[in-house]
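Given next are the chains, with one letter for each unit.
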Amino acid sequence: MTLQIREPFESRSFPGPAGVPECAPLKLGLVIPTLREAGNIARVLGMVRAALDPLRIDYEIVVVDDDSGDGTGDVVSRIARQDGRVRLIVRKGERGLSGAVLDGWHATDAQVLGVMDADLQHPPELLPELYAAVAEGRDLAIGSRYAPGGAMDEWNSVRKLLSAAAVWATWPLQRRRLRAKDPMSGFFLVRRDCVENLPFQRQGFKLLLDVLVRSRIRSLQEVPIAFGLRTADQSKANFRVGCDYARLLFRLYARKLGFGREAAVPSSTIKSHG
Ligand SMILES: Nc1nc2c(ncn2[C@@H]2O[C@H](COP(=O)(O)OP(=O)(O)OP(=O)(O)O)[C@@H](O)[C@H]2O)c(=O)[nH]1
Ligand SMILES: [Mg+2]
């Protein structure tokens, strides 16, 4: 399901709302959540800027750091002083990937909201393809390990099996014509107006599943990615992340099956802009 790029991206115009033939490129707000990523963050910021600059679009990169204490914030501050499109938000006394992303989205006025990891497991060079999918009319564009051509060759078979089971568990929850092969991806862009003013769970790592089930998306595209191993700093995926995922599934199934009130867990909404 890869987008066929037939002409240089920067020379194209994009379809506007119905009746409007074309419109100015949409601003992109890309959140990079960080927890102790001092060994990765400078490199990923350099690669993201190198991928986005040729598009000549308005964008900002919002690094949301949970007070890492390893110098991550200092590296980002230094880069932000030289490039106004890089912003740093430091959250004190807070933890949680989904919550960090939601806080970053809340802090930007961009029309296209995005997220990618800081550890270079998500290829920044595919950002233009994801952006093009949204700019050309898709509501959601996903960097997908399970789309044809995607890969996670470096994972061991246990991790692959757990991941496949976790994806399978989402199948009944996803809308029939809007099913993503990789609903657990942490690399995606979504139109802001599809997620505004809806409650998303702050705990856990799997914001995309919440977006797929809850948001107002009408179309999506998956762009295959090869998901690598992290080469610096430590993984933050642990047993607690698994429990948060189970809670998210429980909450979404309860909602779908109409089991009274949804389990009360901390949630956030993205405010409207303009
Ligand atoms: N702000 C913030 N970022 C987080 C938190 N937990 C993880 N992250 C970031 O979220 C991204 C994904 O975390 P990873 O540890 O890479 O999780 P993963 O990719 O599932 O696991 P690995 O394959 O082992 O790397 C990274 O950029 C982390 O720094 C958190 O509590 N707060
Ligand atoms: Mg990772």
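Residues numbered from 1 in each chain as written. Chains lettered and ligands numbered in written order. Predicted model: local features only at pLDDT ≥ 70, side-chain atom pairs only at ≥ 80, totals over all residues.

A.B. asks: Lay out the overall build of the protein chain with the relevant residues and their values.
C.D. replies: On a plain count of helices and strands, the protein chain comes out with 8 helices and 9 strands. Here the protein chain holds 274 residues, and the buried ones make up 41% of them. Look at the contacts in the protein chain between residues 6 or more apart in sequence, and 80% of them connect residues 24 or more apart. (Helix = DSSP H or I, 4+ residues; strand = E, 2+ residues; numbered from the N terminus. Buried ≥ 20, exposed ≤ 12 C-beta atoms within 10 Å, placed from the backbone. Contact = placed C-beta atoms within 7 Å.)

A.B. asks: Pulling in residues and values, what's your account of the site of ligand 1?
C.D. replies: Around ligand 1, the structure places 21 residues, and the nearest of them are P33, A100, A118, S235 and K236. At the level of elements, β1 (28-34), β2 (59-65) and α3 (97-107) are the ones that each hand at least two residues to the shell around ligand 1. Looking at the shell around ligand 1 residue by residue, the classes come out as 8 nonpolar, 5 polar and 8 charged. (Near = placed C-beta within 6 Å. Nonpolar A, V, L, I, M, F, W, Y, C, P; charged D, E, K, R; others polar.)

A.B. asks: Any chance you could break down the pairing of β2 for me, citing the residues and the numbers?
C.D. replies: Taking burial as the measure, the 7 residues of β2 include 7 buried ones, the bulk of the element. Every second residue of β2 is oriented toward a common face, with Y59, I61, V63 and D65 on one face and E60, V62 and V64 on the other, all of them buried. Across 7 bridges, the pairing between β1 and β2 is parallel. Note that in β2 the partner of L30 across the bridge is I61. Considered for its hand, the β-α-β crossover made up of β1, helix α1 (residues 41-52) and β2 is right-handed. Note on the crossover from β2 through helix α2 (residues 72-82) to strand β3 (residues 86-90): the handedness is right-handed. (Pairing = 2+ DSSP bridges. Right-handed = clockwise from strand over helix to strand, strands pointing away.)

A.B. asks: Go over the sheet that holds strand β4 (residues 112-115), please, and point to the residues and values.
C.D. replies: On the basis of which strands lie adjacent, the open sheet formed by 7 strands has the order β3-β2-β1-β4-β6-β5-β8 and mixed pairing. The two strands at the open ends of the sheet, each matched to only one other strand, are β3 and β8 (220-224). Strand-to-strand twist in this sheet, taken as the mean axis angle between neighbours without regard to direction, amounts to 20°. Sheet topology note: the β4/strand β6 (residues 188-191) ladder contains 4 bridges and is antiparallel. Its bridge partner lying in β6, G114 is registered against L189. Packed onto the sheet, α1 meets β1, β2 and β3 and runs at close to 165° relative to β2. (Axes fitted to C-alpha atoms, helices over the stretch in contact; angles between N-to-C directions.)

A.B. asks: I'd like a rundown of α3, residues and numbers included.
C.D. replies: Of all 11 residues in α3, 9 are buried; the element is thus mostly enclosed. Of the positions making up α3, those classed as buried are L97, S98, G99, A100, V101, L102, D103, G104 and W105.

A.B. asks: Before we move on, can you summarise the nonpolar core with the specific residues and values?
C.D. replies: The biggest cluster of nonpolar side chains holds 62 residues, and the ones touching the most others in it are Y131, A141, F188 and L189. Among the elements that take part in this core, helix α4 (residues 127-135) stands out by supplying 7 residues, more than any other. If we ignore the near neighbours within four places in the chain, the residues touching A141 are L130, A133, V134, F188, L189, Q221 and V223. (Core = buried A, V, L, I, M, F, W, Y, C linked by C-beta atoms within 7 Å.)

Purely geometric numbers; function is a separate question.
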